Each structure stands twice: as C-alpha cells, then as structure tokens.
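Overview (structure and organization)
These are the residues of each chain, in order.
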Amino acid sequence: MKKIVIYDVDYTIISINSLSSFIFYYLKITPIKIFYFPYLLFALILWIFRIFSTEKVKSIWLLPFKGLKVNQLEIISKNFIYSKIIPKLKKGAIENINYYKKKDYLVLFASASFEIYIKYIAEYLKADYYYGTK
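If you're wondering where the values come from, they're calculated on a predicted model, not measured in any experiment.

A short note on the environment of T12
Inspection of the secondary structure puts T12 in the loop between β1 (4-8) and α1 (18-29). Placed 77 residues apart in sequence, T12 and L89 show a C-alpha to C-alpha distance of 8.8 Å.

A word on a nonpolar patch on the surface
Together, F24, I34, F37, L41, I45, I48, F49 and I51 make up a nonpolar patch on the protein surface, roughly 770 Å² of accessible area in all. Looking at which element gives the most residues to the nonpolar patch, the answer is helix α2 (residues 37-48), with 4 residues. When you line up the elements, F49 lands in the loop between α2 and α3 (54-61). Judged by relative accessible area, which is 60%, F49 ranks as exposed.

Considerations on the packing of aromatic side chains
Scanning the model with the defined rule gives 14 aromatic pairs in all. Geometrically, the ring pair formed by Y25 and F80 is tilted, given 5.4 Å between the ring centres and 50 degrees between the ring planes. Note that Y25 is positioned in helix α1 and F80 in helix α4 (residues 70-85), a separation of 55 residues in sequence. With relative accessibility at 13%, the residue Y25 sits in the buried group. You can call F80 buried: its relative accessible area is 0%. Between the aromatic rings of Y82 and Y124, the centroid separation amounts to 5.7 Å while the plane-to-plane angle is 85 degrees, which identifies the pairing as edge-to-face. You can see Y82 sitting in helix α4 and its partner Y124 sitting in helix α6 (residues 115-125), a full 42 residues away along the chain. Ring-pair connections join several aromatic residues into one group, and the members of that group are F22, Y25, Y26, F65, F80, F114 and Y117. Looking at R50, its charged tip hangs above the ring of W47, at a distance of 5.7 Å from the centre. In this structure, K56 is placed above the aromatic ring of F52, and the distance from its NZ or CZ to the ring centre is 5.4 Å.

So, the sheet that holds strand β2 (residues 106-114)
With parallel pairing, 3 strands are arranged side by side in an open sheet as β1-β2-β3. Either end of the sheet is taken by a strand with one partner, and the two such strands are β1 and β3 (129-133). In this sheet, neighbouring strand axes are inclined to one another by 20 degrees on average, regardless of whether the strands run parallel or antiparallel. Here β2 runs beside β3; their pairing, made up of 4 bridges, is parallel. Within the sheet, the bridge partner assigned to F109 lies in β3 and is Y130. Sheet strands in contact with α6 are β2 and β3, and its direction is about 155 degrees off that of β2.

Looking at α3
Burial in α3 covers these residues: V57, K58, I60 and W61. What you see down the axis of α3 is that its buried residues fit within an arc of 160 degrees, all on one side. Buried-residue contacts for α3 involve α1, α2, β2 and β3.

Re the pattern of salt bridges
Inspection of the entire model under this criterion finds 4 salt bridges. Salt-bridge contacts for D104 lead to K2; the nearest nitrogen and oxygen are separated by 3.0 Å. Taken together, the residues span a long stretch of sequence, with D104 in the loop between α5 (93-102) and β2 and K2 in the segment before β1 at a distance of 102 residues. With relative accessibility at 41%, the residue K2 sits in the partly exposed group.

Calculation criteria
- Residues numbered from 1 in each chain as written.
- Predicted model: local features only at pLDDT ≥ 70, side-chain atom pairs only at ≥ 80, totals over all residues.
- Heavy atoms only, no water.
- Helix = DSSP H or I, 4+ residues; strand = E, 2+ residues; numbered from the N terminus.
- Patch = residues over 30% accessible without salt bridge, like charges linked within 9 Å, V, L, I, M, F, W, Y side chains within 5 Å.
- Areas by Shrake-Rupley, 256 points an atom, 1.4 Å probe, with all protein chains shown as cover.
- Salt bridge = Lys/Arg side-chain N within 4 Å of Asp/Glu carboxyl O.
- Buried < 20%, exposed > 50% of the residue type's maximum accessible area, 1.4 Å probe, protein only.
- Phe/Tyr/Trp six-rings, centres within 6.5 Å; stacked < 30°, edge-to-face > 60°.
- Lys NZ or Arg CZ within 6 Å of the ring centre and 35° of its normal.
- Pairing = 2+ DSSP bridges.
- Axes fitted to C-alpha atoms, helices over the stretch in contact; angles between N-to-C directions.
- Contact = heavy atoms within 4.5 Å.
- Arc of directions from axis to C-beta.

Shown next, in the form of structure tokens:
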C-alpha cells in the first residue's frame, strides 16, 4: 500500500492566499471589471462580520468572471500560476515534495481555492493528484 502526503496550497506550498491573488490578478489584466471591486470589498466585509458565509463570498467573488469562456479562463489561470504563484513558492517546498516523491509517496494537493488554477501548481510541482473548488 502506498503512503500519501497531503499538502494544502495556500500558506503551505505558497506564501500567499491564491484566491484573492487570482481575483486581483484578473482585475488587473481586465481593468473594465474593476467596477466589481466595491461589491467584492463589501461582500468581504460582510464575511468578516459573519453575515455572509464563505460559500456566498466565493460565489460573489466569481462575478467578474461571468461571461468568460473556459478556454480563456484556462489561459488566464496558467499565466497567473507561472507569473504570480511560482515565484511565491515557500522556501523548501519543492525539496520537501521531492523528498516524499523519492520515498514513493503519492503527493496530493488539497485546496479550497479554484481547481482551474490549482491544477497548474500541481502540474508544475509534479503532484500525483489535486483537488480544489470546482
């Protein structure tokens, strides 16, 4: 039976919150969508005060992506990972993952962040499996 090592992505593999970074990256490359920002900020404040659930806030934070085709989102996601996330890998993360891969562990990334970009982190770091929010 193979052993499994499971990593969370945000604050374990990388030093930042990938979800908020992804939203801000998208708003930066599509400045017309910035008109969503006050609404996103308001939803975040309501979440901080426990008026909105995490699920509700996540769904609101997806509004800027409305109308975007999947293939466009794939390109944006991959560019985001390689330009913004790979440089934020925690010191020693790659070595730690490689240590377990050499010991024949299955490497799994589990994240509450969006699978559309988590898969590119998993690809880059050669994880065997990944899970994220669909």
